[in-house]
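# Structural description and commentary
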Amino acid sequence: MKTRPLQSLLRRLLISEYFVLYLTIVMFTGAALIFPQVGLSNTLGLPFNISNQFLNMWPLLAVAVGQTFVLIVGGIDLSQGSIMAITSVVGAMVMSSALDPAMFDRSPFWGTLMRPEGGVLSGSPLAAPVGVLLMLALGIGIGFFNGFVITRFRIAPFMATLVSMIFFSALALWITQSRNIPSLPEDFIRLGTGDIVSVYLGEKTESTIPRREIFSAIAYPTVIAFALAIFGSFLLNRTALGRHMFAIGTNRRSAHISGVPTNRVIILVYMFSGFCAAVSAILYSARLGIGQPSLGNNLLLDIVGAVVIGGTSLFGGKGSIKGTVFGVAFFVLLLNVLNAARLSPFIIDAVKGGIILLAALLDVTRTRLVGQEGQL
Amino acid sequence: MSVVLHTNKLSKAFFGVPAVQDVSISVEAGQILGLVGQNGAGKSTLMNLIGGVVHADSGTMSLHGQPYQPRNPADAFRAGIAFIHQELNLFTNLSIAENIFIESFPTQRRGPFRLIDRSAVHQRTEALLAQVGLALPPNLTIDRISPGERQLVEIAKALHIDASLFILDEPTTSLTNRETERLFALMKQLQAQGKALIYISHILNDVLALADSIAVMRDGQLITQEPVQNFDVGRMISLMVGRSIDHLYPERTSQPSSEILLDVQGVTADGIVKDIALRVHQGEIVGLFGLMGSGRTELARILFGVDGFESGQVILDKRRFTVSVPRESIRSGVAFVTENRREEGLLMDISIHENVALVALPQFCHTPLQIVDQDAAYSSVRQTLNALQLKSGDIRKQPVRSLSGGNQQKVVIAKWLLSKPKLFIMDEPTRGIDVEAKFEIYTIMDQLAGSGSGILFISSELEELMGMCDRIVVMSRGEIVGEFARQAFDAKAILHAAFREGEALT
C-alpha cells in the first residue's frame, strides 16, 4: 500500500501519544481567539484564566489516575464520585470546629460525633493530619470492598461499583441531612489552595501587589496531584503490579494460567482507585472549605471521559497515565471554552457526550492503524 | 438412487497447509454415508465446505445435479443442507418454537400490523417435535432441555425447511445411551423418507452399524469410498493410520533416567477423570493419547491447578504437591503449554517481550515495591528467544498477534522456559502450525528432555506421539485404558485402545 506524505503524517499524528495534547493546544488557542472571555482580550485575563483552569484540573487528575488503573484491568469504577462524597463528609465531620445545631440536629450523629463545638477533633492540632488519614483509609477501604465483591463473588465490576455508588452517596446525604459541613481547620484548607510558587505579571510600581493580580503557578494541589500521577505511572510501568495489570486487562485467563495473582491484583487496583478518589476529595473539600455530600455527584462522566480521551481503552489492557494527564487537560479546557461560550448546561453535557463518542471512535481507529502497522 | 450431493475435487488450504485435497464424494438419497478419519484428517473442513462455513480454493459441488456454491451457512441451510454441529447452534434463551421458526415466522395481518401467528407456530412445532419423537411443549426455552433433546430440536428445525441432506458431526459425544438410541432410530427413519445423511463419528462400530457406505479420510485426502460390506473395524483403522513414520521427527538424543519426577496416584474428579495413575521420569517424554472428550486436556488442567479434583494425590520430585492455583504450580516447577494459545496461552495484543517475561517476572523484581529490573528481564528474554530461533522484529514493540502460528508457539514455550520448570505439560503444542515449525518444536522438546525435564505430551495426532515419546499412555472416557513402551508402539493397538473396541453401543 502506497501512502502519500499527507496521509502518512495524519496517520502518525493519530497514533502519537501526544495527539490529545496537540488537540488541546489547537482547541484552546482557537477558542481564545473566538471568545475573548477565555483569554487574550485583556492582558491579565489569560494568565488568570489559565491558572484558574489548572486549579480545576488537579482534583480531576487525581481521581482520573485511579480510574485509569481500573480501566486497564478491564473494569470500571462507578463509585469514585460517591467515595469522594462520603470521604469529604466523614473527614469534615471529624475536623470541623463549629456546627450549627439548627442545621445538623437531625443528623444521626448529632450529640455524639457531631456537636455544636464541632467534631471529635475540633480545634486539635491533629485534626488536619488525622482527618486526611481517615479520608484516605476510608477511600481505600471502600475500594477494597469493591474489589473483594468483584473477585470473590464474580459480580460484574459495573454492578458492584454501581451498588457502592448508590449506597455511599445515600450514606453521605443521610449523615449530613444534605447539608455542607463548614469550619474546617486552616491546615487542611491550605491543601486545596495554598501556593508554593506564585507569579505576578507586569511592572512592580507599587509596594504591595493586589492579591487578584498574583497567580498561583505551583500550589499544593499541583504537587499532590502530580506526585500521585507520577507514582501511578511508576507503578504501571516499572513494577510487577503494572505488568500484571496489563496482562489481566488483555486476557484474564492467560494471565491466571501464567501465574498472575489475578484476584489480588484486581483488589489492589480498586483500593488504589478508592485512594485516588479520596485524594481528589481532599483537594476539592479543602478548596471549597467544606465537607460536601454532593461532591463528585456529576463527576463520573468527566472522569471516564477524560481517561478515555487520554487513550485508555474501555476494553482493558491499554492505557497510560501520561495520556490521562492530557485527557484531563483537554476535558477541563473544553469545559472552560464551553462555559465561556455561554452555552446552557444541557448543551454542555451533550457536547461532553459527543466528545466521549469521538474519543471512543479514535480508540477504534488507532487500534486499526496500529494493527496495520504490525502487518507491514 | 439419485445422487443428492456430489463434490468434485474439492481442495482447501489454511495458511498454505492443505486441509482438504482433491476430495470427491457423493451421497445418495435414502443413504447414510459414514465418514471416518483421525483428528485433523480433514473431515470437519470438508463438512464446513459443504455447509458454507468456509469456501473452497478449487473444485466444485453439485446439489441435486445443480451447481451448488454456498456463500455462507444460511445459504447452505436454505438450499436444504442441515448441519448438526458438535457445538449446537440454538439460541438457548429462546423457546423451541422460536428457534425452529427463527428464519421466518408465519405472520398475520391485524389492522396496520403484521403479527406473528402464534397458534400456527405452536401447532407446526408440535407436529415437528412429534416427528422427531420429542414430547416437549413448544414454548419451553432451550436452556431447560438436555443436549440430546437439543440435537433433536436441530433436526426438527431441518425438517421444517424440508432439508434433503443431514450432516451429523460427532453427534453422540454429549448424549446419554438412551438419547443415542433415539437419535439412531430417527436417522433410520429419515433414511426411509429418502433423506441423505452424512454421519461422522469416532465410534467405528456405530458407523458400521448405521452406514450404507463408508468414506475414509487421511491427511486431507479421500482414501476410499466403498459400500459398508467391504469394511470391518480393523480395515478402517489401517486405512485411517496409513503411511509409516519417516523422518518427520528428530532423533531422540537422550535416555530417560529412572528418577520419578511426577507421580499421579488415583486422581479422580467426578464425571471428568477417574482413578488416574501416571508417572513421568526425569528426561522422559510421555505421550498422552485419546480422542476428543477422552479427558486428556481435563487431566492436564487438573495437574496444573486450573481445575480441582476430589481425591487422589500428586507427588512432584518426591514432594507431595498440593495442586491449588497455577501460581503455586509454577513455583513448584511445572509449566503448562495450553491447547489454545490464543485464549489461554498468550496476550495477543501485547509485545513479545511482555509475553515472555510474564511468568518469570518475580525473578526480576526487587522488593518492596516489586520494581522490575528491565535490563535483566530483557536480556534473559532475548537469550531464550535466540535459543529458540524466533524470527521477529523488535520484541519490545511487536505484538504477538502479528507472528505466525509456529512463532507464537515458540513464544509460549519461551515464557515457560524462563521459569526453569522441571515438568512440562504440553497440550497439542503443534496444533495449527506448519511442518517445519513442528520439527523445531520437536527438537526443543528433545533438548528439554535431554536437560532432565520431564514432558507430558498431549496430542490427538498419534504419529507425532509415536515419533517423539518414550512411552504413550492412552485415555478414554476419563480413564487410562492402556500404556505402551516405545519398543511396543503400534498404531493399531493404540487406536484400538482409544476407541475402546467392542464397547460401542450398537
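Small disclaimer: the values here were computed from a predicted structure and weren't measured. (Residues numbered from 1 in each chain as written. Chains lettered and ligands numbered in written order. Predicted model: local features only at pLDDT ≥ 70, side-chain atom pairs only at ≥ 80, totals over all residues.)

### Regarding the packing of helix α9 (residues 220-238) of chain A against helix α14 (residues 321-340) of chain A
Residue and element names in this part refer to chain A. For the record, the criterion: To get an axis, fit a line to the C-alpha atoms, keeping to the stretch in contact for a helix; angles then go from 0 to 180 degrees between the N-to-C directions. In this description a helix means any DSSP run of H or I spanning at least four residues, a strand means any run of E spanning at least two, and both kinds are numbered starting from the N terminus. With C-beta atoms placed from the backbone, a contact is any residue pair whose C-beta atoms sit within 7 Å. Note on residue categories: nonpolar means Ala, Val, Leu, Ile, Met, Phe, Trp, Tyr, Cys or Pro, charged means Asp, Glu, Lys or Arg, and polar means any other residue, Gly included.
Where α9 meets α14, the axes come as close as 9 Å, and the angle between the chain directions of the two elements is 145 degrees. Along its contact with α9, which presents Ala 229, Gly 232, Ser 233 and Leu 236, the element α14 presents Ile 321, Lys 322 and Val 325. The residue inventory of the contact of α9 with α14, partitioned by class, reads 4 nonpolar, 2 polar and 1 charged.

### Digging into the interface of chain B and chain A
Taken together, the contacts link 28 residues of chain B with 19 residues of chain A. For the side of chain B that touches chain A, the secondary-structure elements that each account for two or more residues are α10 (326-331), α11 (341-345), α12 (352-359) and β21 (371-372) of chain B. Its residues assigned to classes, the side of chain B that touches chain A comprises 16 nonpolar, 5 polar and 7 charged.

### Topic: the sheet that holds strand β14 (residues 260-269) of chain B
Residues and elements named next belong to chain B. Keep this limit in mind: Following DSSP output, two strands are said to pair if at least two bridges run between them.
Strand order across the open sheet formed by 4 strands is β15-β14-β17-β18, with antiparallel pairing between neighbours. The sheet is open, and its two borders are formed by β15 (273-281) and β18 (319-320), each paired with just one other strand. Of the pairings in the sheet, the one linking strand β17 (residues 311-316) to β18 comprises 2 bridges and is antiparallel in character. Bridge pairing links Leu 316 to Arg 319 in β18. Docked against the sheet, helix α9 (residues 296-304) engages β14, β15 and β17, running at close to 70 degrees with respect to β15.

### Re the sheet that holds strand β19 (residues 334-337) of chain B
Residue and element names in this part refer to chain B. Here we have 6 strands laid out as an open sheet, ordered β19-β22-β23-β16-β24-β25, and mixed in their pairing. If you trace the sheet from one side to the other, it starts and ends with β19 and β25 (479-485), each paired once. Each neighbouring strand pair of the sheet contributes to a mean axis angle of 20 degrees, computed without reference to strand direction. In terms of strand pairing, β19 meets strand β22 (residues 423-427) through 4 bridges, oriented parallel. Residue Val 337 lies in a different strand from β22, and its bridge partner there is Met 426. This element, α9, spans β16 (285-289), β19, β22, β23 (454-459) and β24 (471-476) of the sheet and lies at about 150 degrees to β22. Running at roughly 25 degrees to β24, helix α17 (residues 491-499) makes contact with β16, β24 and β25 of the sheet.

### What about the confidence of the model for chain A?
We count it as follows: Every residue gets a pLDDT, meaning the predictor's confidence in that residue, from 0 to 100.
With 88% of its residues at a pLDDT of 70 or more, chain A has an overall mean of 85. Taken as a whole, residues 40-44 of chain A scores under 50 in pLDDT and shows 5 contacts with residues more than four places along the chain or in a different chain.

### Comments concerning the nonpolar core
Applicable threshold: We define the nonpolar core as any set of buried residues of the types Ala, Val, Leu, Ile, Met, Phe, Trp, Tyr and Cys, connected via C-beta atoms lying within 7 Å of each other. Partly exposed residues are those falling between the two cut-offs: more than 12 but fewer than 20 other C-beta atoms within 10 Å of their own, whereas 20 or more means buried and 12 or fewer means exposed, with C-beta atoms placed from the backbone.
Judged by nonpolar contacts, the single largest core of 253 residues is most densely connected at Leu 61 of chain A together with Ile 167, Tyr 199, Ile 425 and Phe 457 of chain B. For this core, the element with the most residues is helix α12 (residues 262-288) of chain A, which contributes 18 residues. Residue contacts for Leu 61 of chain A: discarding those within four places in its chain leaves Ala 225, Ala 229, Val 325 and Val 328 of chain A.

### A closer look at unusual backbone geometry
Trans peptide bonds make up most of the peptide bonds, and negative phi angles are found at most residues other than glycine. At Arg 154 of chain A, a position not held by glycine, the phi torsion is positive, near 50 degrees. Considering the arrangement of structural elements, one finds Arg 154 of chain A in the loop between α6 (127-152) and α7 (157-176). Judged by local crowding, Arg 154 of chain A falls into the exposed class, with 8 C-beta atoms found within 10 Å. Backbone geometry at Asp 219 of chain B places phi at a positive 50 degrees, although glycine is not the residue there.

### Section: the packing of α9 of chain A against α12 of chain A
All names here are of chain A. Put simply, the test is: Between 65 and 115 degrees an angle is taken as roughly perpendicular, under 35 as roughly parallel, over 145 as roughly antiparallel, and anywhere else as oblique.
The contact between α9 and α12 brings their axes to 11 Å, and the two run at 175 degrees. When the axes of α9 and α12 are compared, the pair comes out roughly antiparallel. Residues Pro 221, Ile 224 and Leu 228 of α9 touch α12, and the partners they reach there are Cys 276, Val 279 and Leu 283. Split into classes, the residues belonging to the contact of α9 with α12 amount to 6 nonpolar, no polar and no charged.

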